[in-house]
Amino acid sequence: MPYHEIDMSMDPRSGQFQYFRYMTDPYASVTVSVDVTQLLETAGSAHFFQTMLYLVTLAANRVPQLRQRFMGGKVVEYDFCPPSYTCMKPDGVYVYCTPTEMKPYREYIDYCRECQARVIARGTLTEDGDPLGHLFVSCLPWLHYTSLKPPTESCEDSHPIIHWGKYETYGDGHTRMPVTLSVNHALADGFHISCFFQNIQEEMAKLCREINQSSN
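What comes next concerns the included structure. Note that the coordinates shown come from a computational prediction; the quantities given were computed from them, not determined experimentally. Position labels on residues start from 1 in each chain and follow its written sequence. This being a predicted model, a pLDDT of at least 70 is required before a residue's local features are given, and a value of 80 or more before pairs of side-chain atoms are given or counted; all residues contribute to the totals for chains, interfaces and linings. To get the side-chain values, all heavy atoms of the structure are used, and hydrogens and water are removed first.

What follows concerns the overall build of the chain. Under the scheme used here, helices are H or I runs from DSSP no shorter than 4 residues and strands are E runs no shorter than 2 residues, and both carry numbers assigned from the N terminus. Within the chain, the regular secondary structure consists of 5 helices and 10 strands. Atoms counted for the radius of gyration: C-alpha only. Globule rule: 2.2 Å times residue count to the power 0.38. Relative to its length of 216 residues, the chain is compact, with a C-alpha radius of gyration of 17 Å against a globular reference of 17 Å. C-alpha extents for the chain along the principal axes are approximately 50 × 40 × 30 Å. Categorising residues by exposure relies on relative accessible area from a 1.4 Å probe, with only protein chains included: less than 20% of the type maximum marks a residue as buried, more than 50% marks it as exposed, and the intermediate range marks it as partly exposed. By the burial criterion, 46% of the 216 residues in the chain qualify as buried.

Given below as structure tokens:
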């Protein structure tokens, strides 16, 4: 994917960048209970994982700081970052799937399913495309968790990591799901994390409108 270099010495966050850059563990993780009631009612549960993948990819790419990476001692910003997510083989071992293209919603669902079938058949733990530019995505459908801390290699790991867990319906009739965004704090702050979650809500509402309009 195309990218351009960022001069962090001239960036408004130059001070924050220097402060967090070489911390032993500069990763910050925030988990939010996201209301997915309308999404499930509108899009259904049949392809819920692919639907969420579509939404978080759009939401993350709207935040420039989530497209920034460390590369050879410099910082670069990708034009677009596709997701690289884990999918499970029949033996319970996961492989990586990377749908590198962004398509309209219904096409994207089929595209992801085709990509997933291909990598499961391949069976190897291989990442396609440019791994540095990926958004790392994973789902824990067995757990409705309240917090999550992902593993990271070192302070050089600059990938945003997105998780979500099992959704549950509460007594008020609303269905909520934990969604976690983890970022290298040298590249992103709490404001950028909040933008991501705001973007998810906006992308959900937009998708629901599109589905309803196409059904009329």
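Now for the pairing of strand S7 (residues 135-140). Consecutive side chains along a regular strand alternate between the two faces of the sheet. A pair of strands is considered paired only if DSSP assigns at least 2 bridges between the two. Where strand S5 (residues 83-88) meets S7, 3 bridges bridge the pair, whose relative direction is parallel. Bridging from a neighbouring strand, Tyr-85 pairs with Val-137 of S7. Inspection of the sheet shows S7 paired to strand S8 (residues 161-165) by 5 bridges, in the parallel sense. Pairing of Phe-136 across the sheet is with Ile-161, part of S8.

Of the voids in this model, the largest pocket is the one considered here, and its volume is about 960 Å³. Taken together, 38 residues line the largest pocket, and the ones lying closest to its centre are Tyr-85, Thr-86, Val-137, Ser-138 and Cys-139. Broken down by secondary-structure element, the contributors of at least two residues to the lining of the largest pocket are helix H3 (48-61), S5, strand S6 (94-97), helix H4 (105-122), S7 and S8. Of the residues in the lining of the largest pocket, the class split is 20 nonpolar, 12 polar and 6 charged. Cavities and pockets were defined on a 1 Å grid built from protein atoms only: a cavity is a group of points that admits a 1.4 Å probe but offers it no way out, a pocket is an open group of points flanked by protein on both sides within 12 Å along at least five of seven lines, and a lining residue is one with an atom within 4 Å of any such point. Grid points are joined across faces, edges and corners, and a volume is the space filled by probe spheres set on the points. In this count, Pro and Cys sit with the nonpolar residues alongside Ala, Val, Leu, Ile, Met, Phe, Trp and Tyr, while Asp, Glu, Lys and Arg are called charged and the others, Gly among them, polar.

Comment: axis = line fitted to C-alpha atoms, over the contacting stretch for helices; angle = value between 0 and 180 degrees taken between N-to-C directions. Their axes nearest at 9 Å, the elements H3 and H4 cross at an angle of 110 degrees. Relative to H4, the element H3 lies roughly perpendicular. Helix-helix and strand crossings are classified by hand; for H3 and H4 the assignment is right-handed. Mapping the contact onto sequence places Gln-50, Thr-51, Leu-53, Tyr-54 and Thr-57 in H3 and Tyr-105, Tyr-108, Ile-109, Cys-112, Arg-113 and Gln-116 in H4. Of the residues contributing to the contact of H3 with H4, the split by class is 6 nonpolar, 4 polar and 1 charged. In these notes the angle categories are as follows: under 35 degrees is roughly parallel, over 145 is roughly antiparallel, 65 to 115 is roughly perpendicular, and the rest is oblique. A crossing counts as left-handed when the near helix is turned anticlockwise from the far one by less than a right angle, and as right-handed when that turn is clockwise. Residue contacts are defined here by distance: any two heavy atoms, one from each residue, within 4.5 Å place the two residues in contact.

The next subject is empty space enclosed by the protein. All chains considered together, the criterion is met by 2 cavities of 30 Å³ or more. Volume-wise, the largest cavity comes out at about 40 Å³. Along its surface, the largest cavity is lined by Gln-65, Leu-66, Ser-158, His-159, Pro-160, Val-183, Asn-184, Leu-187 and Ala-188. Broken down by class, the residue content of the lining of the largest cavity amounts to 5 nonpolar, 4 polar and no charged. The volume enclosed by the second largest cavity comes to roughly 30 Å³. Forming the boundary of the second largest cavity are Met-8, Asp-11, Arg-13, Gln-65, Gln-68 and Leu-187. Across the lining of the second largest cavity, the residue classes break down as 2 nonpolar, 2 polar and 2 charged.

The next point concerns the nonpolar core. Here, the term nonpolar core denotes a set of buried Ala, Val, Leu, Ile, Met, Phe, Trp, Tyr and Cys residues that are joined through side-chain atoms within 4.5 Å. Ranked by size, the top nonpolar core spans 48 residues in total, and within it Leu-39, Met-52, Trp-164, Val-179, Phe-196 and Ile-200 carry the most contacts. When residues of this core are assigned to their parent elements, the largest contribution, 9 residues, is made by H3. Not counting the four nearest positions on each side in its chain, Phe-196 is found in contact with Val-56, Ala-59, Ala-60, Val-63, Leu-66, Ile-162, Val-179 and Leu-181. By size, the runner-up hydrophobic cluster in this structure holds 8 residues, among which are Met-8, Phe-17, Phe-20 and Ala-186.

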